[in-house]
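Structure at a glance
Here is what each chain is made of, one letter per residue.
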Number of protein chains: 4
Amino acid sequence: MKKRNYSIILGNLGNTCDRFLSTGYKDQPSKEELFRRAASIDDASGIELVGSWDITTENVKQVKALLEETGKKCMSIIPELFSSKIWGKGAFTSRDPDIRKKAVEHTKEMIDAAVELGCDLMNLWPGEDGYDYPLQGNFDEAYSQLLEAIRECADYNRNVRIALEFKPKEPRNYCYLARSADTLLMALDTERENVGVTIDTGHAMVAGENIAEAAFRLNSKGKLFHLHFNDNYRSWDDDMIVGSIHHVEYIELLYWLRKMDYRGWYSMDQYPYREDGVKAISESIENLKALETVIDRYGEGRIGDLIKEGNATEITAAVREMLFKR
Amino acid sequence: MKKRNYSIILGNLGNTCDRFLSTGYKDQPSKEELFRRAASIDDASGIELVGSWDITTENVKQVKALLEETGKKCMSIIPELFSSKIWGKGAFTSRDPDIRKKAVEHTKEMIDAAVELGCDLMNLWPGEDGYDYPLQGNFDEAYSQLLEAIRECADYNRNVRIALEFKPKEPRNYCYLARSADTLLMALDTERENVGVTIDTGHAMVAGENIAEAAFRLNSKGKLFHLHFNDNYRSWDDDMIVGSIHHVEYIELLYWLRKMDYRGWYSMDQYPYREDGVKAISESIENLKALETVIDRYGEGRIGDLIKEGNATEITAAVREMLFKR
Amino acid sequence: MKKRNYSIILGNLGNTCDRFLSTGYKDQPSKEELFRRAASIDDASGIELVGSWDITTENVKQVKALLEETGKKCMSIIPELFSSKIWGKGAFTSRDPDIRKKAVEHTKEMIDAAVELGCDLMNLWPGEDGYDYPLQGNFDEAYSQLLEAIRECADYNRNVRIALEFKPKEPRNYCYLARSADTLLMALDTERENVGVTIDTGHAMVAGENIAEAAFRLNSKGKLFHLHFNDNYRSWDDDMIVGSIHHVEYIELLYWLRKMDYRGWYSMDQYPYREDGVKAISESIENLKALETVIDRYGEGRIGDLIKEGNATEITAAVREMLFKR
Amino acid sequence: MKKRNYSIILGNLGNTCDRFLSTGYKDQPSKEELFRRAASIDDASGIELVGSWDITTENVKQVKALLEETGKKCMSIIPELFSSKIWGKGAFTSRDPDIRKKAVEHTKEMIDAAVELGCDLMNLWPGEDGYDYPLQGNFDEAYSQLLEAIRECADYNRNVRIALEFKPKEPRNYCYLARSADTLLMALDTERENVGVTIDTGHAMVAGENIAEAAFRLNSKGKLFHLHFNDNYRSWDDDMIVGSIHHVEYIELLYWLRKMDYRGWYSMDQYPYREDGVKAISESIENLKALETVIDRYGEGRIGDLIKEGNATEITAAVREMLFKR
């Protein structure tokens, strides 16, 4: 079996809160403890950092040292555009030009930090860029602002790839980067080679998308830059352990990723509110590894034949063989 | 492993149509052919018949003979209250008293037919009893009419159990028997021992219910009378092959059914629009059998311990063992 | 027009946070400021307080004084069972008996506080009582624990009514008090006259329920104790301004509340993340008042006729007259 | 007020069926009667015809005569790619090359028929092109086939515009043209000026899209070719009367259509299962006209200011003024 590049988001190992329990379900560990926890997850070779939470212009050296201790690579930085009051009514599309400017500045700073850490990927999630009420979205202005901001970030350093993460809702009732194809259009509209898209598997399911189909479409335009993994019940971004609800659709996704020779990261992105973070993330990786083994054992070629044929009862029998045959 | 009583709905083996392709995706076979197909599914010992479609006051003897040839038992009749123009605006709750009367009459006729076939279970799905638009539902009248109609049917023959099947929507935008607890309340309100509830697994998922929890609640009042099995993507009653999307929740359901010593039928209820009916139904039974084997192998006691503990990461590891360990 | 008893939840006027922006979209005002804001909403004669946030065993006298200054009545207390780490894995159904005991104790303390404030209604929302993953819900134990806890609280002071608030999900992926009928069953099972149900309009919509039908069913058992008002897009508890999305269904609800002679409170329960709290709450009351005027002008009798007839095109024409005729 | 071009789909005035009541809720009128009904809807100046149902290569002259009698224009033809057994497993993306060929042929025939009727718009809804089960979608093949088929149809007559209608699901669990941006990408990929997109308002809502935002995005690429109007509860394509559930979002849409100077058709597309077809369609047009009047009275400029400002409580107050002020 070919080795996949699994990675984790550092913050997932710390405290997690919701809107009712805003101080969180757990205690917030120190940065050092967070890195120690990350180090303990052997299967993950990469770490995704969140701006401000994990990394700032001030602490790059400290973080670099901590990364070296863990023996893991920082493979992506997620600029913090969703957890400060300043972005509350929008970051790149704020009606306040100063805030828009600050959002671009923070992203550029994080690009610089990435470079210093030897990382060439930004996962850009402008979660607060959207609207809540009908008649509130100023699509015209907002789309231009978003496009220009992304271009400016992309041009700042052409060697750093920017992966736009989409999500239909939360924290806004409607987010501007909502679904895979909207976001692909935005990426194409930037006319920048270094702008692409991240699929968060849970966001795609909430959007009603088949994840593998979304991946195929992005890849067909050369724009599948990154993947975030989690599971949910399809109505909301529950950010659960991968494979706690769904299996067949992950098999489908992993198969298509092989077929399109995806060489990027498989990053775990969860919210283990009430679970031990290390265990919850590790379970996801274990499940993904188990699903890869299933594909190996059943055979990529045979899966390709199933897809070519498209016969639902044969597919079901095959899935039963994959999961249950001893 | 204890043997389960699997059954099938005869009509699932015939033609299936949708609102766009109203003549159906397949050809309609003869009644004889339908029974031959049913006979070919070895694992199913029971057959569910739909009133008017399969069985009428006129053809009971013919059907009895066909059943004898198949070697299968008619274990339930579903009165036809959803596929004739007359019920279009409601059956038991029609604003036309003649139609209400006819709905009760048809149900009574089907009860008589059931008795003649040695069957003691009616699966009552008043799908057209509901409303579509706000300000259209006359809850007051409708609830009384529904209650009285069910009572009258229940009293007609106390030896025949009536299982009320719930569904949140389709064919009405809002159905009166919408969810498990609504329907349990209706069943309790009848104050009739022979009135209970059917869970259709797909309907429960569309209602946002955890199927096992719904089963538990019904059983705790002695009202889990019947089960219909199918799978879907949770937003609509897709009536797919069991286990084509979900596995863990079926394991949970099957475990709780064991724990509550459910002795009723496991009836397949699908709409294999584009699939071979016999194969699609057989696949569901095969999957349910495979899931029972998984429970046997892992151990009911150990599953009970998982539930008692309620630790999500341990549950995930256990599910991985159940599905993937070789 | 008959005057309705509008009320507000004090905390809605303060800071609001979500899981990403856990410090909140606004600044947290002082308790005095919160009460001043409440006092400024003339149409609201009642205030709902949340345990721990607003009221504790220690500050009852202070709160009483603040209430007197506002000239408003504390008409309900919501025990705090959803915003402290201790309840993170359940309150009344925690697997830890000490926590279960503390949840009951806190509720009793809040009942005492209510009495001291001349309030006879508790809005009990055990939001953390539920589960997240398949095979995690211990229905058997949990239902008994919930039933016993509610009974104990109800028996503690028979003069204080306990209204159980249901919600299908959030903060748990599955909450035990999930829908109106489940919760009605729980209320009936307690066999206590002083236990009933709260409908939160947004929770009912997320559950796929028609709000008026839910109200009718609860009222038919004498169990419609309380109402929380907000609006959403139906897929999630967006907690928006009433009437920002829906109008017809509120007309339907308000009509049925009149018909059943509901005399309880109309309490605003929102999360104005990015809005001025006082304005957002006031807008909801203004909209409800406007909708009552619509009913007055069109005529309750004529609405009753529409419902009796159930003709969708006549209903639509009538709604157009209600909303648009000048 | 500027006059809008309202149109109707002829078949909506006839019989309507669902998967349970496949013979339909009403009787099927003659073609002549259908046209007489259409003629009676004064506000509609256009008629949309469905291939095979309404128009064939054989009956073009007869249809032309009937249209002339009604005094209405055929402004669009919808090729029949969703209601014959032959398309059951896909039309343009069938795994059978003969069927793919036939789908293109039928579309070309309908283009010829359109030209003969003086119509320059095809509404292309390849509803059966999609898949139902995981591992069934052959994205690679299907996307190429769809692209090539649409190109071939577009090239057949460059003077006829082809508007691709998207829908997330039904009749397939996943349709290939699922959402506005996916379909815009497909339209752009054809590199044909005469290929654009239809928004069906109900389909957009089921897809979780804000309709006005979808319209804006399509228009920004010059690809908003056509509009189908209906209403629903957001979870399914209920095809209800426009304005029976939602009002504010239609105001938003109508405002943006004005702002982008949309000059196409406003076509009613409903499934009045249990309603009088003429009345149900007329009600939708009446509601759209009433909403236009609301915009006129309140003022486009003031609505523009609301959007520019984006203040939710001011928007709510404005909407209340629009709907309720006398």
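See the structure printed just above.
This section reports on the structure supplied with the text.

Cut-offs and rules
- Residues numbered from 1 in each chain as written.
- Chains lettered and ligands numbered in written order.
- Predicted model: local features only at pLDDT ≥ 70, side-chain atom pairs only at ≥ 80, totals over all residues.
- Heavy atoms only, no water.
- Helix = DSSP H or I, 4+ residues; strand = E, 2+ residues; numbered from the N terminus.
- Rg over C-alpha atoms; globule rule 2.2 N^0.38 Å.
- Buried < 20%, exposed > 50% of the residue type's maximum accessible area, 1.4 Å probe, protein only.
- Contact = heavy atoms within 4.5 Å.
- Areas by Shrake-Rupley, 256 points an atom, 1.4 Å probe, with all protein chains shown as cover.
- Lys, Arg positive; Asp, Glu negative; His and termini not counted.
- Charge placed at Lys NZ, Arg CZ, Asp CG, Glu CD.
- Expected span 1.5 Å × (residues − 1).
- Polar contact = N/O pair within 3.5 Å; in protein donor to acceptor, adjacent residues only side chain to side chain.
- Buried area = accessible area lost by both parts, 1.4 Å probe.
- Salt bridge = Lys/Arg side-chain N within 4 Å of Asp/Glu carboxyl O.
- Phe/Tyr/Trp six-rings, centres within 6.5 Å; stacked < 30°, edge-to-face > 60°.
- Lys NZ or Arg CZ within 6 Å of the ring centre and 35° of its normal.
- Axes fitted to C-alpha atoms, helices over the stretch in contact; angles between N-to-C directions.
- Parallel < 35°, antiparallel > 145°, perpendicular 65-115°, else oblique.
- Nonpolar A, V, L, I, M, F, W, Y, C, P; charged D, E, K, R; others polar.
- Least-squares fit on C-alpha atoms with pLDDT ≥ 70 in both.
- Left-handed = near helix turned anticlockwise from the far one by under 90°.
- Patch = residues over 30% accessible without salt bridge, like charges linked within 9 Å, V, L, I, M, F, W, Y side chains within 5 Å.

**A short note on the overall build of chain A**
Secondary structure assignment for chain A yields eleven helices and ten strands. A compact globule built from 326 residues would reach a C-alpha radius of gyration of about 20 Å, and chain A, at 19 Å, matches this within 12%. When the backbone C-alpha atoms are referred to their principal axes, chain A occupies close to 60 × 45 × 40 Å. Out of the 326 residues in chain A, the part that is buried amounts to 71%. Contacts in chain A between residues at least 24 apart in sequence constitute 76% of all its contacts with a sequence separation of at least 6. When the accessible area of chain A is evaluated, it comes to approximately 10200 Å², of which 45% is carbon and sulfur surface. Distance between charge centres in chain A, computed from 43 positive and 55 negative side chains, equals 2 Å.

**Topic: helix α3 (residues 97–116) of chain A**
All names here are of chain A. The end-to-end C-alpha distance of α3, which contains 20 residues, comes to 29 Å, matching closely the 28 Å that a straight helix rising 1.5 Å per residue would cover. Of the positions making up α3, those classed as buried are I99, A103, V104, H106, T107, K108, M110, I111, A113 and A114. Next to the buried residues of α3 lie α2 (60–70), β3 (73–78), β4 (121–124), α4 (139–156) and β6 (161–165). Measuring from the backbone nitrogen of D98 back to the side-chain oxygen at the start of α3 gives 2.8 Å, which picks out D96 as the cap. Looking one or two places after α3, you find G118, whose phi comes out positive at around 75°.

**Observations regarding the interface of chain A and chain D**
Contact residues are listed per partner, giving 45 residues for chain A and 45 residues for chain D. Roughly 4300 Å² is buried in total at the junction of chain A and chain D, and carbon and sulfur atoms are behind 59% of that figure. When the buried area of chain A at its contact with chain D is split by residue, A:L135, A:F139 and A:E213 rank highest and sum to 19% of it. Where chain A packs against chain D, one counts eight salt bridges. Taking the shortest distance from any N to any O, the salt bridge between D:D182 and A:R217 comes out at 3.6 Å. For the interface between chain A and chain D, the tally reads 20 residue pairs in polar contact (both at pLDDT 80 or more). Where the side of chain A that touches chain D is concerned, the elements lending two or more residues are α4, α5 (180–190), α7 (211–220), α8 (248–259), α10 (300–309) and α11 (312–324) of chain A. Element by element, the count of residues in the side of chain A that touches chain D is highest for α5(A), at six residues.

**Points about the packing of aromatic side chains**
The tally for this structure, following the rule as stated, stands at 86 aromatic pairs over all chains. Seen from their ring centres, B:Y255 and B:W256 are 6.0 Å apart, and the 85° between their planes marks the pair as edge-to-face. With relative accessibility at 6%, the residue B:Y255 sits in the buried group. Among the residues examined, B:W256 registers a relative accessible area of 2% and is labelled buried. Site record: aromatic cluster; members linked through ring pairs are A:Y131, A:F139, A:Y143, A:Y174, A:Y176, C:Y233, D:F216, D:Y255 and D:W256. Looking at B:R161, its charged tip hangs above the ring of B:F225, at a distance of 5.4 Å from the centre.

**Structural notes on the packing of α11(A) against helix α9 (residues 277–298) of chain B**
Orientation of α11(A) relative to α9(B), taken along the N-to-C sense of each, is 10°, at an axis distance of 10 Å. The pairing of α11(A) with α9(B) is recorded here as roughly parallel in orientation. For the pair formed by α11(A) and α9(B), the contact residues are A:T313, A:T316, A:A317, A:R320 and A:F324 on the first element and B:K279, B:A280, B:E283, B:E286, B:N287, B:A290, B:L291 and B:V294 on the second. In terms of residue class, the contact of α11(A) with α9(B) is built from six nonpolar, three polar and four charged.

**Here we look at the side chain of C:D231**
Mapped onto the fold, C:D231 is located in the loop between β9 (224–229) and α8 (248–259). A distance of 3.3 Å separates a polar side-chain atom of C:D231 from the backbone nitrogen of C:S244.

**Thoughts on the relation of the copies chain A and chain D**
Expressed as a screw operation, the relation of chain A to chain D combines 0.0 Å of axial shift with a rotation of 180°, fitting to an RMSD of 0.0 Å. The superposition of one copy onto the other is thereby described by a two-fold rotation axis. Taking C-alpha positions as the reference, the residue of chain A nearest the rotation axis is A:A181, at 2.6 Å. Most of the interface of chain A is mirrored in chain D, where 100% of its interface residues again form contacts.

**Considering the interface of chain D and chain C**
Listed by partner, the interface residues are 32 residues for chain D and 32 residues for chain C. Here chain D and chain C share an interface that buries about 2700 Å² over both sides, 59% of which is from carbon and sulfur atoms. For the chain D face of the interface with chain C, the top three residues by lost area are D:T313, D:F324 and D:R326, together amounting to 25%. There are two salt bridges connecting chain D and chain C.

**Re the pattern of salt bridges**
Inspection of every chain in the model, using the stated rule, returns 132 salt bridges over all chains. Between C:R172 and C:D132 there is a salt bridge, and its shortest N-O distance comes to 2.9 Å. Of this pair, C:R172 sits in the loop between β6 (161–165) and β7 (174–175) while C:D132 sits in the loop between β5 (130–131) and α4 (139–156), placing them 40 residues apart in sequence. Note that D:R161 and D:D120 form a salt bridge whose closest N and O atoms lie 3.6 Å from each other. Remark: D:D120 occurs in the loop between α3 (97–116) and β4 (121–124) and D:R161 occurs in strand β6 (residues 161–165); sequence separation between them is 41 residues. Judged by its relative accessible area of 35%, D:D120 is partly exposed.

**Examining the relation of the copies chain D and chain C**
Aligned on chain C, chain D shows an RMSD of 0.0 Å; the corresponding rotation is 180° and the shift along the axis is 0.0 Å. A high fraction, 100%, of the interface residues of chain D reappear at the interface in chain C, so the copies pair face to face through one surface.

**Points about the packing of α10(A) against α11(A)**
Residues and elements named next belong to chain A. Between α10 and α11, whose axes approach to 10 Å, the crossing angle comes to 160°. Judged by the angle between their axes, α10 and α11 are roughly antiparallel. In this structure, α10 crosses over α11, and the sense of that crossing is left-handed. In contact with R302, I303, L306 and E309 of α10, α11 contributes E314, I315, A318, E321 and M322. The residue makeup of the contact of α10 with α11, split by class, is five nonpolar, no polar and four charged.

**Some remarks on a negative patch on the surface**
Residues and elements named next belong to chain A. Taken together, the side chains of E58, E105, E109, D112 and E116 make up a negatively charged region of the molecular surface. Looking at the secondary structure, you find E58 in the loop between β2 (44–50) and α2. Residue E58 is classed as exposed on the basis of its relative accessible area, which comes to 70%.

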